[in-house]
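# What the coordinates show
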Amino acid sequence: MEKQEQIINTGPDYKRIYHDFIESKCPEKLKYVKRYLSKEIMSLSDILKVNNIIFYDRLSENQKFKSYDKQTIFEILDYQKRYKLINSQLARHFKLSRNTIAKWKRIF
């Protein structure tokens, strides 16, 4: 049982995945993502930023299946407070639904 929990908690090694992908497919983007890949632990927001940098031209295809953890939701809502944005502005910035933002504010 402990081995299963360890596997679930560790998750994929995004640093290695992204590094290998960038080296083989688009080495010119390495300089843009180097600071994110140099972090010891990548947060979900870091992963989303790297993903955005690498796949900027293809993002509209797979926006439907995104999911966020609590830490990232709090970062997004803090961003809204910091820059005094309304829900629709925040939704446009992070490419989310206004209803999703309203739901997060209601829950958290």
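Residues numbered from 1 in each chain as written. Predicted model: local features only at pLDDT ≥ 70, side-chain atom pairs only at ≥ 80, totals over all residues. Heavy atoms only, no water.

### Focus on the overall build of the chain
Along the backbone of the chain there are seven helices and zero strands. Ordering the α and β elements of the chain from the N terminus gives α-α-α-α-α-α-α. Counting across all 108 residues of the chain, residues that qualify as buried make up 24%. Considering only residue pairs separated by 6 or more positions, the chain has 48% of its internal contacts joining residues 24 or more positions apart. (Helix = DSSP H or I, 4+ residues; strand = E, 2+ residues; numbered from the N terminus. Buried < 20%, exposed > 50% of the residue type's maximum accessible area, 1.4 Å probe, protein only. Contact = heavy atoms within 4.5 Å.)

### Concerning the packing of helix 3 (residues 30–37) against helix 4 (residues 44–54)
Between helix 3 and helix 4, the shortest axis-to-axis distance is 10 Å and the interhelical angle comes to 170°. When the interaxial angle is binned, helix 3 and helix 4 end up roughly antiparallel. Contacts from Tyr32, Val33 and Tyr36 in helix 3 reach Asp46, Lys49, Val50 and Ile53 in helix 4. (Axes fitted to C-alpha atoms, helices over the stretch in contact; angles between N-to-C directions. Parallel < 35°, antiparallel > 145°, perpendicular 65-115°, else oblique.)

### A look at the packing of aromatic side chains
For any pair of aromatic rings, geometry is given as the distance between the ring centres together with the angle between the planes. A full pass over the atoms with the stated rule returns six aromatic pairs. On the basis of an interplanar angle of 25° and a centroid distance of 6.3 Å, the ring pair of Tyr14 and Tyr18 is categorised as stacked. Residue Tyr14 and its partner Tyr18 are located together in helix 2 (residues 14–25), separated by four residues, close to a single helical turn. Residue class for Tyr18 comes out buried when judged on its relative accessible area of 9%. Between Tyr79 and Phe94, the ring centres sit 5.3 Å apart and the planes meet at 80°, which makes this aromatic pair edge-to-face. Residue Tyr79 is located in helix 5 (residues 70–83), and its partner Phe94 is located in helix 6 (residues 87–94); the two are separated by 15 residues in the primary sequence. Feature note: the residues Tyr79, Tyr83 and Phe94 constitute an aromatic cluster, connected by ring pairs. (Phe/Tyr/Trp six-rings, centres within 6.5 Å; stacked < 30°, edge-to-face > 60°.)

### Topic: the packing of helix 6 against helix 7 (residues 98–107)
With their axes 8 Å apart at the nearest point, helix 6 and helix 7 run at an angle of 115° to one another. Judged by the angle between their axes, helix 6 and helix 7 are roughly perpendicular. Pair helix 6 / helix 7 crosses with right-handed handedness. Contacts between helix 6 and helix 7 involve Asn87, Ser88, Leu90 and Ala91 from the first element and Arg98, Ile101, Ala102 and Lys105 from the second. For the contact of helix 6 with helix 7, the class distribution of residues is four nonpolar, two polar and two charged. (Left-handed = near helix turned anticlockwise from the far one by under 90°. Nonpolar A, V, L, I, M, F, W, Y, C, P; charged D, E, K, R; others polar.)

### Brief notes about helix 5
The end-to-end C-alpha separation of helix 5 is 20 Å, in line with the 20 Å expected for 14 residues at 1.5 Å each. Packed against the buried residues of helix 5 are helix 4, helix 6 and helix 7. Looking one or two residues past helix 5, Lys84 carries a phi angle of roughly 50°, positive in sign. (Expected span 1.5 Å × (residues − 1).)

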